[in-house]
Amino acid sequence: MVELDELLGASGVLGSDQVGDYAIGPFVPMAAARPADTQEVSLVLEWAHRNNVAIYPVGGGTLKHLGNPPTRPGIALDMSRLNGMLDFQPADLTVHVQAGMTVEDLDSALAQDAKYVPLAPPLPGRATVGGTLATGISGPLRSTYGLPRDWLIGMTVVGPDGTISKCGGQVVKNVTGYDLNRLYTGSLGTLAVITDATFKITPAPIAWAAVVAAFESNQSAVSACHYLLAQPYAPHALHLLNPDAVRHLDVGQLPTGYGPAALAVVAGRPASVKRRTEDIALAWLGSASTLRIEGGEAIQLTESLADFPVNPIHPTSLCIRINAQPSALEQLMAMETTEIAGAHPAILADAGFGGGRLIWWNDVSQEDPVQLAQHLRDIQADAVASGGSAIVETCPPETKALVDVWGPDPSGMDIMRRIKRQFDPRGVLNPGRFVGGL
């Protein structure tokens, strides 16, 4: 790695004895490059392309377990030094930041002007802007605010051969050319490395409240959620948890002991929040128990919903993300009967946006890896048959080696392979980790 030292300086490269924190399961990179700006990212990628060395981009590392195992040796590309705000135009409702900036730092900077970009990934104090875009992860308010890509105006990326390019623009009304922003967002860094991004911003919520209701059965909870979502006072977020999920949610007192709990979160102007939470509470009078919380407790609830699948206090042994329509909420909740390693899953379902997660905290590694892999393939096949998909976000490494965590190849897999070959013919960026082994 002598040539890398010459490109970045000794402080910009970590040797093999310093890269333990960059491990992806059992895979440990040969070194870690820590560029300070877009130009240095370009130098690293040009070097890697020329020497046919794989590159594994790293943000805050909150979702480094996501994806299939790496398929060949390579180095980590740590983006954390690209962490500044490049431009902020509150009058134009835009902000331009480097990809290594944490979402928490972005939120804090915008809050000084009462502005907000509703990204809300898990662990925002560690999660970076670039990592949030590359993984396509979204927060608990997505049924109202949409996905991170919906707030993205433009970005700068570096291709696998070191070429720097820009897509999108700097203003909200941007209609120039193909929307490559959406191509790069959610591609897990397999097409290019994001070095900065420009977002639309919105006024920040100035009041928070939530209504939590416990129901006697899944069916009554699902019916109440569908009814509430059809009303003009529908909340900004609506989630449904089974009892095991409620027990693992890191918030204050919640109704328990009655069956599933539905959590409605409202954010906005105080008068509006008060009226809507009153209406929501009335709509749920048929529940066994109802509780209204406000202010900091409601914010903590929202953050706990975001952090739920990667909460370091309760590390998961197995986590499966189910992508499905809101109409499939009842089928998703019925999956709590699924048994793996002698235990049933906790379920966190997004009633407003659709889909959710099945989570096991017991040690599933005691299950035979081949049998566990078959369990996972069965869940993925059932999800596809229902018109959705299932992504294994966390599982033991012995099992991950036996199953494609992304599930069966989607219908557009041929197009995805052609795009990968066009953008990264040598397979430099994150090889093997994305859908279909891209």
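Keep in mind the model is a prediction, meaning the values are calculated, not measured. (Residues numbered from 1 in each chain as written. Predicted model: local features only at pLDDT ≥ 70, side-chain atom pairs only at ≥ 80, totals over all residues. Heavy atoms only, no water.)

Tallied over the full model, the rule gives 15 salt bridges. Among the charged side chains, a network of salt bridges with common partners joins Glu3, Glu46 and Arg50. (Salt bridge = Lys/Arg side-chain N within 4 Å of Asp/Glu carboxyl O.)

This next bit is on the side chain of His236. Relative to the assigned elements, His236 resides in the loop between helix H7 (218–229) and strand E13 (237–241). The exposure class of His236 is buried, given its relative accessible area of 11%. Each residue touching His236, except ones within four places of it in the same chain, is listed here: Leu141, Ser143, Thr144, Tyr145, Val265, Val266, Ala267 and Arg276. (Helix = DSSP H or I, 4+ residues; strand = E, 2+ residues; numbered from the N terminus. Buried < 20%, exposed > 50% of the residue type's maximum accessible area, 1.4 Å probe, protein only. Contact = heavy atoms within 4.5 Å.)

Those residues of helix H3 (residues 103–111) lying buried are Val103, Leu106 and Leu110. For H3, the buried positions fall inside an angular range of 60 degrees around the axis, keeping them on one side. Looking at the buried positions of H3, the neighbouring elements they touch are strand E5 (85–89), strand E6 (94–98), strand E7 (115–116) and helix H4 (129–135). (Arc of directions from axis to C-beta.)

Once that is clear, we can look at the packing of aromatic side chains. Per the stated rule, a full pass over the model turns up seven aromatic pairs. When the centroid spacing of 5.9 Å and the interplanar angle of 80 degrees are considered together, the rings of Tyr116 and Tyr145 count as edge-to-face. One end of the pair, Tyr116, is in strand E7; the other, Tyr145, is in helix H5 (residues 142–145), with 29 residues separating them in the sequence. Both residues of the pair, Tyr116 and Tyr145, belong to the buried class. Through successive ring pairs, a cluster of aromatic residues spans Tyr116, Tyr145 and Trp151. Stacked on the ring of Trp151, the Lys or Arg Lys200 has its end atom at 5.6 Å from the ring centre. (Phe/Tyr/Trp six-rings, centres within 6.5 Å; stacked < 30°, edge-to-face > 60°. Lys NZ or Arg CZ within 6 Å of the ring centre and 35° of its normal.)

Attention now moves to the layout of surface pockets. The calculated volume of the largest pocket comes to roughly 1,300 Å³. Where the lining of the largest pocket is concerned, the elements lending two or more residues are helix H6 (180–184), strand E16 (318–323), strand E18 (356–360), strand E19 (389–394) and helix H14 (413–423). Of all the elements, H14 adds the most residues to the lining of the largest pocket, at four residues. In terms of domain composition, the lining of the largest pocket takes at least three residues from each of domain 2 (85–203) and domain 4 (312–400). Put simply, the second largest pocket is a space of about 520 Å³. (1 Å grid on protein atoms, 1.4 Å probe; cavity = no way out; pocket = protein on both sides within 12 Å on 5 of 7 lines; lining within 4 Å. Points joined across faces, edges and corners; volume = space filled by probe spheres on them. Domains from an automatic or database assignment.)

Moving on: empty space enclosed by the protein. The final tally for this structure, using the stated rule, is three cavities of 30 Å³ or more. Of the volumes computed, that of the largest cavity is approximately 500 Å³. In this structure, the largest cavity is lined by 33 residues; those nearest its centre are Pro57, Val58, Gly59, Gly131 and Ala134. For the lining of the largest cavity, the secondary structure elements donating two or more residues are strand E3 (54–58), H4 and strand E10 (193–200). Of the residues forming the lining of the largest cavity, the biggest block, five residues, is contributed by H4. Looking at the lining of the largest cavity, its residues break down into 18 nonpolar, twelve polar and three charged. When residues of the lining of the largest cavity are assigned to domains, at least three fall in each of domain 1 (2–78) and domain 2 (85–203). Within this model, the second largest cavity holds a volume of roughly 110 Å³. (Nonpolar A, V, L, I, M, F, W, Y, C, P; charged D, E, K, R; others polar.)

In this fold, Leu141 is placed in the loop between H4 and H5. Placed 211 residues apart in sequence, Leu141 and Gly352 show a C-alpha to C-alpha distance of 9.0 Å. Dropping the residues within four chain positions of it, Leu141 is found in contact with Tyr116, Gly146, Trp208, His236, Ala237, Val265 and Thr302.

For Ala114, which is not glycine, the phi torsion reads 55 degrees and is therefore positive. By the element assignment, Ala114 lies in the loop between H3 and E7. Backbone geometry at Leu188 places phi at a positive 60 degrees, although glycine is not the residue there. Among the structural elements, Leu188 can be located in the loop between H6 and E10.

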